[in-house]
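Read off the chains here:
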Protein chains: 2
Amino acid sequence: MHSIPELSQLFNHYLQEQHFNRKPISLYEPVSYILGLGGKHLRPQLVMMSAELFGRNPAEVLPQSFAVELFHNFSLIHDDIMDEAPIRRGKETVHKKYNRNTAILSGDVMLVYAYEYLLKNNPPSPGSLVSVFNQTAIEVCEGQQLDLEFESLIPSAEAYIEMITLKTAVLLGGALRIGAIMGGASESDAHHIYEFGKNTGIAFQLLDDILDTFGNAEEFGKRIGGDIIQNKKTILLLGALQRANREQAAELHSWLSRSNDETGKIAAVKNIFIDTGAESYARDLLNTYHQKASEALHAVQMAPEKKEVLTAFADLMLRRTR
Amino acid sequence: MHSIPELSQLFNHYLQEQHFNRKPISLYEPVSYILGLGGKHLRPQLVMMSAELFGRNPAEVLPQSFAVELFHNFSLIHDDIMDEAPIRRGKETVHKKYNRNTAILSGDVMLVYAYEYLLKNNPPSPGSLVSVFNQTAIEVCEGQQLDLEFESLIPSAEAYIEMITLKTAVLLGGALRIGAIMGGASESDAHHIYEFGKNTGIAFQLLDDILDTFGNAEEFGKRIGGDIIQNKKTILLLGALQRANREQAAELHSWLSRSNDETGKIAAVKNIFIDTGAESYARDLLNTYHQKASEALHAVQMAPEKKEVLTAFADLMLRRTR
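Residues numbered from 1 in each chain as written. Chains lettered and ligands numbered in written order. Predicted model: local features only at pLDDT ≥ 70, side-chain atom pairs only at ≥ 80, totals over all residues. Heavy atoms only, no water.

1. Observations concerning the interface of chain A and chain B
Line of reasoning, step 1. Counting residues at the interface gives 40 residues for chain A, matched by 40 residues for chain B.
Line of reasoning, step 2. Note on chain A versus chain B: buried area summed over both sides is about 3500 Å², and carbon and sulfur give 64% of it.
Line of reasoning, step 3. Of all residues in chain A, Leu105, Val112 and Gln145 of chain A bury the most surface against chain B, accounting for 17% of the area lost on that side.
Line of reasoning, step 4. Summed over the shared surface of chain A and chain B, the result is 2 salt bridges.
Line of reasoning, step 5. Residue Arg22 of chain A pairs with Glu142 of chain B through a salt bridge whose shortest N-O separation is 2.6 Å.
Line of reasoning, step 6. On inspection of chain A and its partner chain B, the count reaches 16 residue pairs in polar contact (both at pLDDT 80 or more).
Line of reasoning, step 7. Those elements that place two or more of their residues in the side of chain A that touches chain B are helix H2 (25-35), helix H4 (62-83), helix H6 (100-118) and helix H7 (126-149) of chain A.
Line of reasoning, step 8. Counting residues per element, the side of chain A that touches chain B draws most heavily on H7 of chain A, at 16 residues.
Line of reasoning, step 9. Residue composition of the side of chain A that touches chain B, grouped by class: 21 nonpolar, 10 polar and 9 charged. (Contact = heavy atoms within 4.5 Å. Buried area = accessible area lost by both parts, 1.4 Å probe. Salt bridge = Lys/Arg side-chain N within 4 Å of Asp/Glu carboxyl O. Polar contact = N/O pair within 3.5 Å; in protein donor to acceptor, adjacent residues only side chain to side chain. Helix = DSSP H or I, 4+ residues; strand = E, 2+ residues; numbered from the N terminus. Nonpolar A, V, L, I, M, F, W, Y, C, P; charged D, E, K, R; others polar.)

Pasting the structure below:
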């Protein structure tokens, strides 16, 4: 089995060899730009890892890995337009650096190229590959639309989980499933490995919400309390709103409408998260999805020691030390 | 062979049976909205016509026909955002009726569904279908980007033809080629029928430019001279700018900078189009592409009487009476 750094290197080499040299240059320059911004390449690594688990050389699934990375970057470009985000991976977003119209169109062409790479080198079961890819892509669009809807309403915690599942978790599952198909996995194994990826992705998003408030800055890598300052609709805030008694709800809403005294707001809202039980609710949920992921992985018909790489990957994502 | 009205009816029935009932409603309502705006369904009819020519029942290629229509409507939604167009087929454009973000995302999901329908019912050679579809889709994006670039520069007539080829003509060719693949055509026949469609498409766009200035209002269906009033970069204007002597160029530029006296402008610019030879240049070009289309159709290995339906279709598009 290749290690994660080895897979990362394999993918990076392949990425650097893909040139979008066609004309008009103004359409393809943004494609090269966003692909050159780096990122962890988590999704393509999942494709390769999964293919190798089912016996395929990961170098043989580089085009399919790249397809998933292209799709991911297409969705980032369009999401950044919608969110009017100025910065992505520490650099200007595509629509800021170029312009909105180019960002729409360069995103579109990346989505088309994703299908081109998905079927490169005549893979087995092209129909299944496209079908899994479509299902995932459709759900990612649905998740983004839900996220947009949530700007103007307060979703239930359940609706929030639905949103993060669609917007981000299904693509992790989809990447593993594409790798599994490329490796010739059974339909049942492909399903279970998809569920493993999806549930790990949900747990990861929940952890991200929790650490933003309850992590320590050094370990988390960014300032603690940012979500509270921005009134971000996290699982903690949504859970607290559902659990608060009248007094707690009044206090919470009063803090939500304040933008001065950031330190006081972080401390007070954090306490409300604890007192309402939102923190332990969020941690329980995280454990539930982590558990679901473990069960799904357990159900994959494969020698347990082969699964070690996926367990390690999930632990890495979920910052667990064993 | 089915007649064009019969194919139209077949497609309309199929269209009405396709429901986008998934959630979130806000993502799918615009999809149903734009598909419900009507249009001539030229492209899906081309898919069916071509499939039938190669011996396939057109009812069996309805999903692939719908795929092409979905792609076409995806491109309309995104183009309308970029052009800030308020009206499409006499109704509000998607981004006006809903909002820009929804229009981006509903367009995206339609593009994904196009691939879903393209491979519905396990068609033969899924790889070829996706490959032709991708190539066409990539070129349509490139054509739209060229069109955007042309807003801020004056292209040569050759660059203009490259733009209309990519932006609109290749999709007519692509529709015929997809039908040909579905009908089991040889690679050579699929190529020739594609060339027939592409060149007919170019001729059609050139004719549209010519009729806007030199047609009669009744036959053309809209007011004559609209392109001149808007200083639209048509083959006539671009041809005139390339052919004008110093005096004609000065007169033309002077009219381009005037927005009062519309009647005078139309008459004067029309004369410049004639005097510079731009009109006959455009008509010659149109004939050249019509001729190329006829030759490509001639090269398809098929009994001449079977090709009659395509000749009739081209004649209809090019308003020729025989």
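2. Here we look at the relation of the copies chain A and chain B
Put simply, the second copy of the chain is the first one after a rotation about an axis and a shift along it.
Line of reasoning, step 1. Rotating chain A by 180° and moving it 0.0 Å along the rotation axis overlays it on chain B with an RMSD of 0.0 Å. The transformation just described matches what one would write down for a two-fold rotation axis.
Line of reasoning, step 2. Here 100% of the contact residues of chain A are again contact residues in chain B; the copies associate through an equivalent surface. (Least-squares fit on C-alpha atoms with pLDDT ≥ 70 in both.)

3. As for unusual backbone geometry
Line of reasoning, step 1. Between Lys23 of chain A and Pro24 of chain A the backbone carries a cis peptide bond, its omega angle lying at -5°.
Line of reasoning, step 2. Assignment of secondary structure puts Pro24 of chain A in the loop between helix H1 (4-17) and H2.
Line of reasoning, step 3. Unusually for a residue other than glycine, Arg89 of chain A sits at a positive phi of about 50°.
Line of reasoning, step 4. Its relative accessible area of 32% is what places Arg89 of chain A among the partly exposed residues.
Line of reasoning, step 5. With phi around 55°, Asn231 of chain B is a residue other than glycine that occupies positive phi space.
Line of reasoning, step 6. Its location among the elements puts Asn231 of chain B in the loop between helix H11 (226-229) and helix H12 (235-243).
Line of reasoning, step 7. The exposure class assigned to Asn231 of chain B is partly exposed, which follows from its relative accessible area of 27%. (Buried < 20%, exposed > 50% of the residue type's maximum accessible area, 1.4 Å probe, protein only.)

4. Some points on the environment of Leu37 of chain B
Residues and elements named next belong to chain B.
Line of reasoning, step 1. With respect to the helices and strands, Leu37 occurs in the loop between helix H2 (25-35) and helix H3 (42-53).
Line of reasoning, step 2. Relative accessible area serves as the criterion here: at 15%, Leu37 is assigned to the buried category.
Line of reasoning, step 3. The spatial distance from the C-alpha of Leu37 to the C-alpha of Arg88 is 8.3 Å, given a sequence separation of 51 residues.
Line of reasoning, step 4. Excluding residues within four positions of it along the chain, Leu37 makes contact with Arg88, Arg89 and Lys91.

5. Topic: the packing of helix H4 (residues 62-83) of chain B against helix H8 (residues 157-182) of chain B
The axes of two packed helices give the description: the angle between them and the distance between them.
Residues and elements named next belong to chain B.
Line of reasoning, step 1. Interaxial distance between H4 and H8 falls to 10 Å at its minimum, and their mutual angle equals 165°. Regarding the angle of H4 to H8, the classification is roughly antiparallel. Considering only the axes of H4 and H8, their crossing is right-handed. Residues Gln64, Val68, Phe71, His72 and Asp79 of H4 lie in contact with H8, whose contacting residues are Lys167, Leu171, Ala175, Ile178 and Met182.
Line of reasoning, step 2. A per-class count over the contact of H4 with H8 returns 6 nonpolar, 2 polar and 2 charged. (Axes fitted to C-alpha atoms, helices over the stretch in contact; angles between N-to-C directions. Parallel < 35°, antiparallel > 145°, perpendicular 65-115°, else oblique. Left-handed = near helix turned anticlockwise from the far one by under 90°.)

6. Structural notes on the side chain of Asp189 of chain A
Residues and elements named next belong to chain A.
Line of reasoning, step 1. Mapped onto the fold, Asp189 is located in helix H9 (residues 187-214).
Line of reasoning, step 2. Of the buried charged residues, Asp189 lacks a salt bridge, with Lys307 as the closest side chain of opposite charge at 7.6 Å.
Line of reasoning, step 3. Looking at Asp189, its side chain comes within polar contact range of the main-chain nitrogen of Gln301, at 3.0 Å.
Line of reasoning, step 4. Here Asp189 is in contact with Phe54, Ala299, Val300 and Gln301, once residues within four sequence places are set aside. (Lys, Arg positive; Asp, Glu negative; His and termini not counted.)

7. Observations concerning the pattern of salt bridges
Residues and elements named next belong to chain A.
Line of reasoning, step 1. For the structure on display, the rule yields 20 salt bridges over all chains.
Line of reasoning, step 2. For Glu262, the salt bridge identified is with Arg223, shortest N-O distance 3.0 Å. With Glu262 in helix H14 (residues 262-275) and Arg223 in the loop between helix H10 (217-220) and helix H11 (226-229), this residue pair connects regions lying 39 residues apart in the sequence.
Line of reasoning, step 3. Under the relative-accessibility criterion, Arg223 is labelled exposed at 52%.
Line of reasoning, step 4. Here Glu279 ties to Arg283 by a salt bridge, and the two come within 2.9 Å at their closest N and O atoms. Taken together, the residues Glu279 and Arg283, both in helix H15 (residues 278-299) and 4 residues apart, mark about one turn of the helix.

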